[in-house]
Structures are given as structure tokens and as C-alpha cells.
Amino acid sequence: QVQLVESGGGLVQPGGSLRLSCAASGITFRINAMGWYRQAPGIQRELVAGVTRGGTTKYAESVKGRFTISRDAAWNTVYLQMNSLKPEDTALYYCAANVGSSFSIDGMDYWGQGTQVTVSS
């Protein structure tokens with residue numbers, strides 16, 4: 001089993017920045033991909049950014065150039081640096097992990113509880 005705990009969400013003004021953290025514990029050596037996902041009310045959950053153990057990254061078009069995903073070498077923590085935040089980035093952000101290398105929402109094996117990000121003036 002793998003446990004994921006997100007932190008770092010909050011209220012920020014448009015144009016501001018936040019850094020989300022996802023702490024992984026348990027059998028983390030089985031993980032080959034981790035990602036950040038978000039879900040706003042009435043909207044389907046979507047991939048924001050993902051990273052594989054080999055270092056391959058994937059970003060949603062809407063966040064390219066603004067968000068950066070990174071991880072520590074031990075694969076214990078994954079970060080999402082979010083800059084130039086917009087009101088449309090408001091959502092509940094989830095961390096997820098996969099023993100495979102896919103970022104497909106249906107394929108992720110473990111999920112955190114989520115952390116709220118609100119972008120508003």
C-alpha cells in the first residue's frame with residue numbers, strides 16, 4: 001500500500017504562486033508515475049501534471065509554462081509549483097500514484113485526499 005498526503009493549498013490572488021507537496025509513504029518503490037490532478041465543481045477530474053520515475057513529464061495545455069512538477073530523488077515527495085495563477089485554476093487538487101507509467105485517471109492506483117486551491121481577489 002501507498003499513502004499520499006497533500007499540502008500547500010490555500011487562497012491566493014490572481015497572478016500569485018503556490019507550491020503543493022505530496023508526501024508518499026509505504027511501498028513507494030513500486031511507484032513508477034505520480035501526478036497532480038484537479039477537479040472543480042461540475043467539471044471532470046483532469047490531469048494537471050505528471051512525472052515518471054524516469055523523469056518524463058506531462059502537462060495539461062492550460063498550465064504549460066506556469067506549473068512545474070518535480071520530485072525528490074527518493075520518490076518520497078512530489079511537488080507542484082504553480083505560478084501566474086488564474087481564477088480558472090481554482091479546484092481541489094489531488095496527488096495520485098501508479099505502479100505503471102500511465103497518467104490515466106482510471107489507471108492511477110493510489111489517491112490522496114486533496115488540497116483546495118482558490119484563486120480569487
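See the structure printed just above.
Now for a look at the structure at hand. (Residues numbered from 1 in each chain as written. Predicted model: local features only at pLDDT ≥ 70, side-chain atom pairs only at ≥ 80, totals over all residues. Heavy atoms only, no water.)

**Brief notes about the packing of aromatic side chains**
So, point 1. Within this structure, the stated rule accounts for 2 aromatic pairs.
So, point 2. Consider the rings of Y94 and W111, whose centres lie 6.2 Å apart with planes at 85°: the pair is edge-to-face. Of this pair, Y94 sits in strand β9 (residues 91-98) while W111 sits in strand β10 (residues 110-111), placing them 17 residues apart in sequence.
So, point 3. One aromatic cluster is present, built from ring pairs that chain together Y37, Y94 and W111.
So, point 4. Here R19 stacks its cationic end above the ring of Y79, 3.9 Å away from the centre of that ring.
So, point 5. When the ring centre of W111 is taken as reference, the NZ or CZ atom of R45 above it lies at 4.7 Å. (Phe/Tyr/Trp six-rings, centres within 6.5 Å; stacked < 30°, edge-to-face > 60°. Helix = DSSP H or I, 4+ residues; strand = E, 2+ residues; numbered from the N terminus. Lys NZ or Arg CZ within 6 Å of the ring centre and 35° of its normal.)

**Topic: the side chain of T28**
So, point 1. Note on placement: T28 falls in the loop between β3 (18-26) and β4 (33-39).
So, point 2. Apart from the residues within four sequence positions on either side, T28 is in contact with V2, R53, W75 and N76. (Contact = heavy atoms within 4.5 Å.)

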